[in-house]
Amino acid sequence: MENIIDIQGLSKKYPSFSLSNVSFAVPEGCVAGFIGLNGQGKTTTIRTMLGLSPKDAGTVRMLGMDFETHESEIKDCIGVVFDEGYLYDSLKMKEMKGIVAKAYSHWDDAVYRTLMQRFGLHEAQYIATLSKGMRMKFALTLALSHHAKLLIMDEPTSGLDPLVRMELLRILRVFMTEEGKGVLYSTHITSDLDQFADLIVFIHGGKIVLVEGKDTLLDTYVTVKGENGLLTPEMVPYFVHVQKGDYHFTGVTNAPQVVRKKMPGAVLERSSIEALMLAFIEGGQLND
């Protein structure tokens with residue numbers, strides 16, 4: 001299986017923030033959840049890998065091609081959805097579509113009209129009048145109407161209500177049923193990824209600190225709950241992070257067999273991606 005995205009040593013320095021040697025790969029047929037708290041480098045990575053901000057170092061390959069030498073061919077085959085900032089408020093949706101469609105050699109008006117109808121969007125409406133949910137639906141419509149092989153999405157569901165988020169995720173699931181597709185899905189709303197992602201790429205402080213299959217990650221790290229008396233000094237080293245209340249604790253461990261044997265009164269549960277992300281951050285497990 002080929003990598004649909006392959007980033008090696010990507011670096012970008014700003015006065016107050018730096019990407020440092022960012023490296024990760026996304027296999028073809030994979031949905032990669034790109035996670036991290038706000039301000040930790042997700043958007044900077046995406047903008048740099050797309051050439052919207054010049055990189056200081058590193059290589060970017062997408063769809064088997066080097067981005068520097070094949071930028072036009074790559075951009076013709078990818079769809080990009082940002083949280084905001086690239087739809088012109090002064091235009092009607094029909095006018096915006098006319099601008100975007102000219103940029104792609106495989107624009108498909110039939111797909112565009114099908115998605116517009118599915119999302120309940122009307123071309124004559126001005127973009128300035130759209131709600132955030134409607135804007136995101138329109139942005140996704142534009143991204144999907146030229147038979148893109150790769151979708152790159154930066155915080156696509158930020159600020160959206162759960163019903164709209166569910167609808168967008170359904171569309172992405174349909175997209176991924178086609179062979180040879182891939183998605184890089186940047187978000188701090190990690191609940192979107194618990195059932196949808198195949199791979200988790202975790203960035204913190206401008207550095208990639210974890211790249212792991214989602215199922216492997218959730219099988220390795222387990223949430224543990226129990227009475228404080230069970231958390232003896234002997235057991236503390238087996239936990240990535242522990243939060244204690246007056247009577248009970250909640251922790252995350254990567255040694256569930258040991259915990260199950262030595263803490264028979266504790267309850268072990270499957271973790272969520274959000275619980276793991278916060279445990280790694282608060283537990284001091286990340287690189288400085």
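This write-up is about the structure you can find in this document. (Residues numbered from 1 in each chain as written. Predicted model: local features only at pLDDT ≥ 70, side-chain atom pairs only at ≥ 80, totals over all residues. Heavy atoms only, no water.)

**Describing the packing of helix α5 (residues 132–144) against helix α6 (residues 162–175)**
For the pair α5 and α6, the least separation of the axes is 10 Å and the interaxial angle reads 10 degrees. Considering their axes alone, α5 and α6 lie roughly parallel with respect to each other. Where α5 approaches α6, its residues Gly 133, Met 136, Lys 137, Leu 140 and Leu 144 are matched on the opposing element by Val 164, Glu 167, Leu 168, Ile 171, Leu 172 and Phe 175. (Axes fitted to C-alpha atoms, helices over the stretch in contact; angles between N-to-C directions. Helix = DSSP H or I, 4+ residues; strand = E, 2+ residues; numbered from the N terminus. Parallel < 35°, antiparallel > 145°, perpendicular 65-115°, else oblique. Contact = heavy atoms within 4.5 Å.)

**A few points about unusual backbone geometry**
Note on backbone geometry: most residues besides glycine have negative phi, and most peptide bonds are trans. Phi is positive for Asn 21, close to 55 degrees, though the residue is something other than glycine. By the element assignment, Asn 21 lies in strand β2 (residues 18–27). Although it is not a glycine, Glu 155 sits at a positive phi angle of roughly 50 degrees. In this structure Glu 155 comes out as buried when scored by relative accessible area, which is 7%. (Buried < 20%, exposed > 50% of the residue type's maximum accessible area, 1.4 Å probe, protein only.)

**Brief notes about the nonpolar core**
By size, the foremost hydrophobic cluster in this structure holds 52 residues, and its most contacted members are Phe 138 and Leu 140. The element that contributes the greatest number of residues to this core is α5, accounting for 7 residues. Sequence-distant contacts of Leu 140, defined by excluding residues within four places in its chain, comprise Val 81, Phe 119, Met 153, Leu 168, Ile 171 and Leu 172. Leu 19, Val 60, Ile 78 and Leu 150 belong to the second largest nonpolar core, which has 27 residues in total. (Core = buried A, V, L, I, M, F, W, Y, C linked by side-chain atoms within 4.5 Å.)

**Quick notes on the sheet that holds β2**
Here 4 strands make up an open sheet; going across it, the order is β2-β1-β4-β5 and the pairing antiparallel. One side of each edge strand has no neighbouring strand; the edge strands of this open sheet are β2 and β5 (65–66). Pairing analysis gives 2 bridges linking strand β4 (residues 57–62) to β5, with the strands arranged antiparallel. Each residue of the ladder has a partner; that of Met 62, found in β5, is Met 65. Across the sheet, helix α1 (residues 42–49) touches β1 (3–13), β2 and β4, and the angle it forms with β1 is around 105 degrees. (Pairing = 2+ DSSP bridges.)

**Notes on the pattern of salt bridges**
Oppositely charged side chains are able to pair whenever their charged atoms sit close together. On inspection of all chains with the given rule, the structure shows 15 salt bridges. One salt bridge in this structure joins Glu 155 and Lys 42, with 3.6 Å as the shortest N-O distance. With Glu 155 in the loop between β7 (150–154) and α6 and Lys 42 in helix α1, the pair connects residues that are 113 residues apart, well separated along the chain. In this structure, Lys 97 and Asp 109 form a salt bridge, with 2.9 Å as the shortest nitrogen-oxygen distance. In this pair, Lys 97 sits in helix α3 (residues 93–101) while Asp 109 sits in helix α4 (residues 109–119), placing the two residues 12 residues apart along the sequence. Classification of Lys 97 by relative accessible area gives buried; the value is 14%. Residue Asp 109 is classed as partly exposed on the basis of its relative accessible area, which comes to 27%. Counted as one network, the salt bridges with shared partners bring together Lys 97, Asp 109, Arg 113 and Glu 123. (Salt bridge = Lys/Arg side-chain N within 4 Å of Asp/Glu carboxyl O.)

**Looking at the layout of surface pockets**
Of the pockets and cavities examined, the largest pocket occupies roughly 430 Å³. Lining the largest pocket are 15 residues, with Val 80, Phe 82, Tyr 86, Val 100 and Tyr 104 sitting closest to its centre. With 3 residues, the single largest contributor to the lining of the largest pocket is α5. Residue composition of the lining of the largest pocket, by class: 13 nonpolar, no polar and 2 charged. Volume-wise, the second largest pocket comes out at about 250 Å³. Among the elements that make up the lining of the second largest pocket, the one with the highest residue count is α4 (4 residues). A breakdown of the residues in the lining of the second largest pocket according to their chemical character gives 7 nonpolar, 2 polar and 3 charged. (1 Å grid on protein atoms, 1.4 Å probe; cavity = no way out; pocket = protein on both sides within 12 Å on 5 of 7 lines; lining within 4 Å. Points joined across faces, edges and corners; volume = space filled by probe spheres on them. Nonpolar A, V, L, I, M, F, W, Y, C, P; charged D, E, K, R; others polar.)

**Description of empty space enclosed by the protein**
Scanning all chains against the criterion turns up 1 cavity of 30 Å³ or more. Empty space within the largest cavity amounts to approximately 40 Å³. Residue assignment for the lining of the largest cavity shows that the elements contributing at least two residues are β9 (199–204) and α9 (273–282). For the lining of the largest cavity, the element with the highest residue contribution is α9, accounting for 4 residues. For the lining of the largest cavity, the per-class residue count stands at 9 nonpolar, no polar and no charged.

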